[in-house]
Amino acid sequence: MVGSGAREHALAWALAKSSDVIVTPGNAGIAAHGLTCVNTPASELDADLFVIGPERPLVDGLADQLRAQGKRVVGPGVDGAKLEGSKAFMKEFFAAAGVPSAAYGTFVDEETAQAFLATMSPPYVIKTDGLAAGKGVLVTNDLEEARLDVHDKLSGASFGAAGTTVVIEEGLDGEECSFHVLCDGTSVLALLPAQDFKRVGDDDQGANTGGMGAYAPMSSMSVTQRDDVMRLAIHPTLAELQRRGIDFRGVLYAGIMLTPSGPKVLEYNVRFGDPETEVMVPLYGEGLYDLLRRVAEGRLAGARATPSGAAVTVVLASRGYPQSPRSGDVIHGLGPDGQLALPHENVIIFHAGTARNDDGQFVTSGGRVLAVTGLGASVGEARRRAYDGAALVTFEGSVRRSDIAKSASEGEQ
Ligand code: AMP
Ligand code: GLY
């Protein structure tokens, strides 16, 4: 397992139900949870299956490198990873594949970009072309703020080289869904739809973040809507990948807006979502290793997954997140294994950014610190457990939302 966040913790924990797992590099909380973490690069490790968690190593070619060594890998090569690595490429791909998505323009020149922006109506949506850890997107009704953002991105002031091409697009309205499919190059298998909460504050206020919480399954998404996403987005994408000779073996995560005129794809990611993974993989029991191995070997056709129950995760972020996260604050409420000191059944803590201080205490280390996942028969039950667990974990200035999965659990009653 390659990576060091809560997503990788969740994947490693789930894979460990049916296999021996090594995480590189992992983090303090993953190691404390009894999972082996090493600093050896993946290319120097031997394993039956390599699962690459984050987008950056995929965009940089780690999957290609490992495959060239004859290894089985979950994660696309550089060609497939471009779907996430470049929004301009992604939009061009959508057009070629006929995937429904927001109208847009791509710009490197500020004058042309500002002229295009002036023709749009609110909400204005401005995105960096390159990777920006979920923070490169501005959605605003304020034209002046949008104009400034275009300037800051194109001048390189806000995101450096990743931002010097921008995509400006039509604002879409509707409920969002994180729709993940496993893909082995020729077949796809849909996982349960999930929803994440990207804004830092309750009621979706404040800055965009990497994600402040999530739940699955998203039961408000009907079977017809799922079928529409498969028919209108996923299958045309697979066909276009094949037409281009891209052997995509990994996870395709479509960010979908369920608009009144049908689903539209906001973006593709080429890996599991974070924090969506922290609510999806616990629902698949011991079956994950087999599914991922089939992805790597091109044997996904005929595979079955039998998820059960519901999960909610609440992210605890460090003081100052997302603008200027502070590290080094002591985390209270965790035992030596990094789980709740007062054990709670059906609550699992996945570590995103933690370290140990000289006294062996867990301390914050990075923006998102912990993802507290509650499991239950319903979203409501899972939500209660997640929040009961999260209440027991404290550190100075912790940033957390209180409304993760709130309306979904109310909708169940
Ligand atoms: P992205 O990284 O492209 O998924 O964008 C981050 C977030 O910005 C999405 O989850 C949406 O909430 C919002 N967003 C992105 N594109 C649009 C759009 N065209 N219309 C409305 N909201 C959007
Ligand atoms: N949850 C958003 C992402 O993983 O990109």
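In short, a report on the structure. Once a new chain begins, its residue numbering starts again from 1 and follows that chain's sequence as written. Think of it this way: whatever chain is written first is A, whatever ligand is written first is 1, and the rest follow in order. Residue-level local features of this predicted model are given only where pLDDT is at least 70; pairs of side-chain atoms are given and counted only at 80 or more, and the full residue set underlies all totals for whole chains, interfaces and linings. Only hydrogens and water are set aside when side-chain values are computed; all heavy atoms of the structure are taken into account.

Here we look at the sheet that holds strand β10 (residues 175-184)
By definition, two strands form a pair when at least two bridges between them are found by DSSP. In DSSP terms, a helix is any run of H or I states spanning at least four residues, a strand is any run of E spanning at least two, and both are numbered starting from the N terminus. Taken in spatial order, the four strands line up as β11-β10-β16-β17 in an open sheet, and their pairing is antiparallel. In this open sheet, the two strands that pair with only one neighbour each are β11 (188-190) and β17 (262-269). Neighbour-to-neighbour, the strand axes of this sheet turn through a mean angle of 35°, independent of strand direction. Think of each axis as a best-fit line through the C-alpha atoms, taken over the contacting stretch in the case of a helix, with angles from 0 to 180 degrees between the N-to-C directions.

Focus: the packing of helix α7 (residues 110-118) against helix α8 (residues 143-154)
With their axes 10 Å apart at the nearest point, α7 and α8 run at an angle of 160° to one another. Relative to α8, the element α7 is oriented roughly antiparallel. Crossing of α7 against α8: the hand is right-handed. Across from Glu110, Ala113, Gln114 and Leu117 in α7, the residues of α8 making contact are Leu143, Ala146, Arg147, Val150, His151 and Leu154. Residues belonging to the contact of α7 with α8 are distributed by class as follows: six nonpolar, two polar and two charged. Should an angle fall under 35 degrees it is called roughly parallel, over 145 degrees roughly antiparallel, and 65 to 115 degrees roughly perpendicular, with every other angle called oblique. Crossing handedness is defined as follows: a turn of the near helix away from the far one that is anticlockwise and smaller than a right angle gives a left-handed crossing, while the clockwise case is right-handed. Residue contacts are counted whenever heavy atoms from the two residues lie within 4.5 Å of one another. Charged means Asp, Glu, Lys or Arg here, nonpolar means Ala, Val, Leu, Ile, Met, Phe, Trp, Tyr, Cys or Pro, and polar covers whatever is left, Gly included.

A look at the site of ligand 2
Near, as used in this document, describes a residue that has one of its heavy atoms within 4 Å of the molecule or strand being considered. The environment of ligand 2 is formed by Asp196, Lys198, Gly210, Tyr253, Asn269, Arg271, Gly273, Asp274, Pro275 and Glu276. Polar contacts, as used here, are pairs of N or O atoms within 3.5 Å; protein pairs need one atom able to donate a hydrogen and one able to accept it. Residues neighboring in sequence count only if both atoms are side-chain atoms. Contact between ligand 2 and Arg271: an oxygen atom at 2.8 Å from a side-chain N or O atom of the residue. Between ligand 2 and Glu276, the relevant distance is 2.8 Å, taken from a nitrogen atom to a side-chain nitrogen or oxygen of the residue. In the complex, the protein chains occlude 91% of the 200 Å² of accessible area that ligand 2 would expose alone. For the area figures, the Shrake-Rupley method with a 1.4 Å probe applies, and any residue is considered shielded solely by the protein chains shown.

Quick word on unusual backbone geometry
A cis amide bond, omega -5°, links Thr24 with the succeeding residue Pro25. Position of Pro25 relative to the elements: it lies in strand β2 (residues 22-25). The residue after Tyr321, namely Pro322, is reached through a cis peptide bond having omega 0°. Within the secondary structure, Pro322 sits in the loop between β18 (310-317) and β19 (347-351).

Observations concerning the nonpolar core
Only buried Ala, Val, Leu, Ile, Met, Phe, Trp, Tyr and Cys residues count toward a nonpolar core, and they belong to the same one when joined by side-chain atoms within 4.5 Å. Only protein chains enter the calculation, and the probe is 1.4 Å; a residue is then buried if its accessible area is under 20% of its type maximum, exposed if over 50%, and partly exposed in between. Formed by 67 residues in total, the largest nonpolar core has its most connected members in Leu83, Phe179, Ile234 and Tyr268. Per-element accounting of this core gives the leading share, six residues, to helix α9 (residues 223-243). Filtering out sequence-adjacent residues up to four positions away, Leu83 remains in contact with Phe89, Met90, Phe93, Leu241, Leu252, Tyr268 and Val270. If you look at the next biggest cluster of nonpolar residues, it comprises 44 residues, including Trp13, Ala214, Val251 and Phe350.

Examining the site of ligand 1
In the vicinity of ligand 1 there are 15 residues, among which Glu169, Glu170, Leu172, Glu176 and Glu267 approach most closely. Separating an oxygen atom of ligand 1 from a side-chain N or O atom of Lys127 is a distance of 2.8 Å. Separating an oxygen atom of ligand 1 from a side-chain N or O atom of Glu176 is a distance of 2.4 Å. Compared with its free state, where it exposes 470 Å², ligand 1 has 92% of that area covered by protein. Elements that contribute at least two residues to the shell around ligand 1 include exactly β7 (124-128), β8 (137-140) and β17. Each residue belonging to the shell around ligand 1 can be placed in one class, and the counts come to seven nonpolar, one polar and seven charged.

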